[in-house]
Amino acid sequence: MDRALALIVDDEPDIRELLELTLGRMDIDTRSAADLAEARALLARHPFRLCLTDMRLPDGDGLDLVRHIQERCPEVPVAVITAFGSMESAVQALKAGAFDFVSKPVDLQGLRSLVTSALKLRRTYPEVDRRSRRTLLGDSQAMQEIRSTINKLARSQAPVYIAGESGTGKELVARLIHDKGPRADRPFLAVNCGAIPADLMESEFFGHVKGSFTGAVADKQGLFQAASGGTLFLDEVAELPLHMQVKLLRAIQEKAVRPVGAQREVPIDVRVLSATHKDLAALVQEGGFRQDLYYRINVIELRVPPLRERRDDIPLLADAVLARLAAGGPAVTLAPDALEALCAYDFPGNVRELENILERSMTLCEDHLIRRADLHLPATAAAAADPPRPTGDVPLEDYLDTVERDAIVHALERTRYNKTAAARLLGITFRALRYRLKKLGLE
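This structure is a prediction, so every number in the text was calculated from the model and none was measured.

(A) View of the overall build of the protein. Within the protein, the secondary structure is distributed over 20 helices and 16 strands. C-alpha extents for the protein along the principal axes are approximately 85 × 55 × 45 Å. Within the protein, the fraction of its 443 residues that count as buried is 46%. Long-range contacts, defined here as pairs at least 24 residues apart, represent 68% of the contacts in the protein between residues at least 6 apart. A gap of 3 Å separates the mean positions of the 59 positive and 64 negative side-chain charges of the protein.

(B) The nonpolar core, seen in detail. Phe-205, Phe-224, Leu-234, Leu-280 and Phe-289 are the most contacted members of the largest nonpolar core, which has 32 residues in total. Here Phe-289 is in contact with Val-237, Ala-238, Gln-245, Leu-280, Leu-283, Val-284, Tyr-294 and Ile-297, once residues within four sequence places are set aside. With 29 residues, the next largest nonpolar core counts Leu-36, Val-78, Met-87 and Ala-93 among its residues.

(C) Seen up close, the confidence of the model for the protein. Summarising the model, the protein shows a mean pLDDT of 86, and 92% of its residues fall at 70 or more. Considering each helix and strand of the protein separately, the mean pLDDT is smallest for helix α17 (residues 382–385), with a value of 39, and largest for strand β10 (residues 231–235), with 96. Note on residues 124–134: pLDDT under 50 across the span, and 17 contacts to partners over four residues away in sequence or across chains. Segment residues 380–386 is flagged for pLDDT under 50; beyond a separation of four residues in sequence, or across chains, it makes three contacts in the model.

(D) Representation of the packing of aromatic side chains. Under the definition given, this model contains six aromatic pairs. Centre to centre, the rings of Phe-205 and Phe-224 are 6.4 Å apart; their planes meet at 50 degrees, and the pair counts as tilted. With Phe-205 in helix α8 (residues 201–206) and Phe-224 in helix α9 (residues 223–226), the pair connects residues that are 19 residues apart, well separated along the chain. Classification of Phe-205 as buried rests on a relative accessible area of 1%. You can call Phe-224 buried: its relative accessible area is 1%. Through a chain of ring-to-ring contacts, three or more aromatic side chains come together here, namely Phe-205, Phe-206 and Phe-224. In this structure, Lys-255 is placed above the aromatic ring of Phe-101, and the distance from its NZ or CZ to the ring centre is 4.1 Å.

(E) Molecular detail of the environment of Leu-43. Take Leu-43: it is sitting in helix α2 (residues 36–45). Residues Leu-43 and Cys-73, 30 residues apart in the sequence, show an inter-C-alpha distance of 8.6 Å. When residues no more than four places from it in sequence are discounted, the contact partners of Leu-43 are Leu-7, Phe-48, Leu-65, His-68, Ile-69 and Cys-73.

(F) Highlighting the state of the cysteines. The full count for this structure, using the stated rule, is zero disulfides. With no disulfide partner, Cys-73 has as its closest neighbouring cysteine sulfur the one in Cys-51, 8.6 Å distant.

(G) Here's a closer look at the side chain of Glu-165. Structurally, Glu-165 is set in the loop between β8 (160–163) and α7 (170–179). Among the polar contacts made by the side chain of Glu-165, one reaches the side chain of Arg-308 at a distance of 2.5 Å. Looking at Glu-165, its side chain comes within polar contact range of the side chain of Asn-350, at 3.3 Å. The residues contacting Glu-165, other than those within four sequence positions of it, are Lys-170, His-277, Pro-306, Arg-308, Pro-348, Asn-350 and Arg-424.

(H) Looking closely at the pattern of salt bridges. Under the criterion given, the structure shown has 22 salt bridges. Here Arg-67 and Asp-64 are joined by a salt bridge, their closest N and O atoms 3.6 Å apart. You can see Arg-67 and its partner Asp-64 sitting in helix α3 (residues 62–72), three residues apart, about one turn around the helix. Assessed through its relative accessible area of 30%, Asp-64 is described here as partly exposed. Note that Asp-185 is salt-bridged to Lys-120, the shortest N-O span being 3.2 Å. Of this pair, Asp-185 sits in the loop between α7 and β9 (188–192) while Lys-120 sits in helix α5 (residues 108–135), placing them 65 residues apart in sequence. Via salt bridges that share partners, Arg-3, Asp-27 and Asp-29 belong to a single interconnected network.

(I) Spotlight on the sheet that holds β9. Pairing is parallel across the open sheet formed by five strands, whose spatial order is β9-β10-β13-β8-β14. Whereas interior strands pair on both sides, the edge strands pair on one side only; in this sheet they are β9 and β14 (300–303). Strand-to-strand, the axes of this sheet are offset by a mean angle of 20 degrees, without reference to chain direction. Both β9 and β10 contribute to a ladder of five bridges, which runs parallel. Bridging from a neighbouring strand, Phe-188 pairs with Thr-231 of β10. Against the sheet, helix α6 (residues 141–153) contacts β8, β13 (271–276) and β14, and its axis sits at roughly 155 degrees relative to β14.

(J) Quick peek at the pairing of β8. Judged by which residues are buried, β8 turns out to be covered on both faces: Val-160 and Ile-162 on one side and Tyr-161 and Ala-163 on the other are all buried. Bridge analysis of β8 against β13 gives four bridges, and the strand direction is parallel. Bridge assignment links Val-160 to a residue of β13, and that residue is Leu-273. Relative to β14, β8 runs parallel, the two sharing four bridges. Counted as the bridge partner of Ala-163 is Arg-303 from β14.

Thresholds, definitions, all that
- Residues numbered from 1 in each chain as written.
- Predicted model: local features only at pLDDT ≥ 70, side-chain atom pairs only at ≥ 80, totals over all residues.
- Heavy atoms only, no water.
- Helix = DSSP H or I, 4+ residues; strand = E, 2+ residues; numbered from the N terminus.
- Buried < 20%, exposed > 50% of the residue type's maximum accessible area, 1.4 Å probe, protein only.
- Contact = heavy atoms within 4.5 Å.
- Lys, Arg positive; Asp, Glu negative; His and termini not counted.
- Charge placed at Lys NZ, Arg CZ, Asp CG, Glu CD.
- Core = buried A, V, L, I, M, F, W, Y, C linked by side-chain atoms within 4.5 Å.
- pLDDT = per-residue confidence, 0-100.
- Phe/Tyr/Trp six-rings, centres within 6.5 Å; stacked < 30°, edge-to-face > 60°.
- Lys NZ or Arg CZ within 6 Å of the ring centre and 35° of its normal.
- Disulfide = S-S within 2.5 Å.
- Polar contact = N/O pair within 3.5 Å; in protein donor to acceptor, adjacent residues only side chain to side chain.
- Salt bridge = Lys/Arg side-chain N within 4 Å of Asp/Glu carboxyl O.
- Pairing = 2+ DSSP bridges.
- Axes fitted to C-alpha atoms, helices over the stretch in contact; angles between N-to-C directions.

The following block contains the structure:
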């Protein structure tokens, strides 16, 4: 096979030499440039598989080169070299499309790991792309856009924050980002941050050494070490207590963790994906989530739409769920009136609720045909959508307050009194909902 060719861009000869030697020992040929102009000229002449560029260059900065490569040869992954402690520059580069970043002084072990992952991109990406359509179902415009975004995110190492209501499939999206990328052959670990007791959280994430606390009878590997080379998915990240948010921030920034009771930090090579059904931006404003951590995990945000925003996908999803539930048995179908009812329902529990409704209906139906009555759907907002018209005896302002109160109460009931989710359901901000609750005496 032909040796891979990498482009090195740095105005410091010592750094260029160090990178050339390191990549040469990995059987990678290199071409070097001292500035942007020379780099662009080399890119026009050679089919590079990878680019390493410094952020500060005599005639511009690394971001300019990242954008140039994104426009001219987007299949070439770019890693930027940033000064120690300049995390803001790294975040900017990741948002611009960089594959990953390396901090000075360059850690050679981390660099080799990064290069290995980058070179895997071209051979893993197309194969896995063909699988995704059968995994993330839906032909709606929203789902087509999500699949396209997943393709792009899989080619990066940037932290991704997956936003969406409960039951929309956030973990499935995270798994696809992992499976379609260069880390696919390494572990994917999903952890529900709300399910770990606060006093065990540090040990679970970072591990501990024998004797570090009562009950620590042996060294234990933490989640970050167990996911080495792969992906760690932090579900319900909003449930992390503030003291753990500080430690998580450091782990992401320094790419290292310190096990409980250990004297030294341990380097880690993990891509962090996170998700929550809560409104993280609102939590930041309220002081419940650290702003600096929010910006680190939310380098790129991917919103998974609720099922009510992609009703065209309900027939396809229902067929797939019924086929899976009936595996090995007689096929079960939906009567036209049942399908019509499902397509008109709002699904506050999203795809998970659809699965539960169909599983229950299969048990209740007769002749392997699910009818509308078998669904037992909860009462919808039909009554609230068509309130009685005001009469001359009721002032308009009082009537509007009544309509508004009914809509808010209905949204709160559907979201089990989760104000953030209710505000999203109503299409207003969390702050606007709080104002209306106070105004209407519903607090």
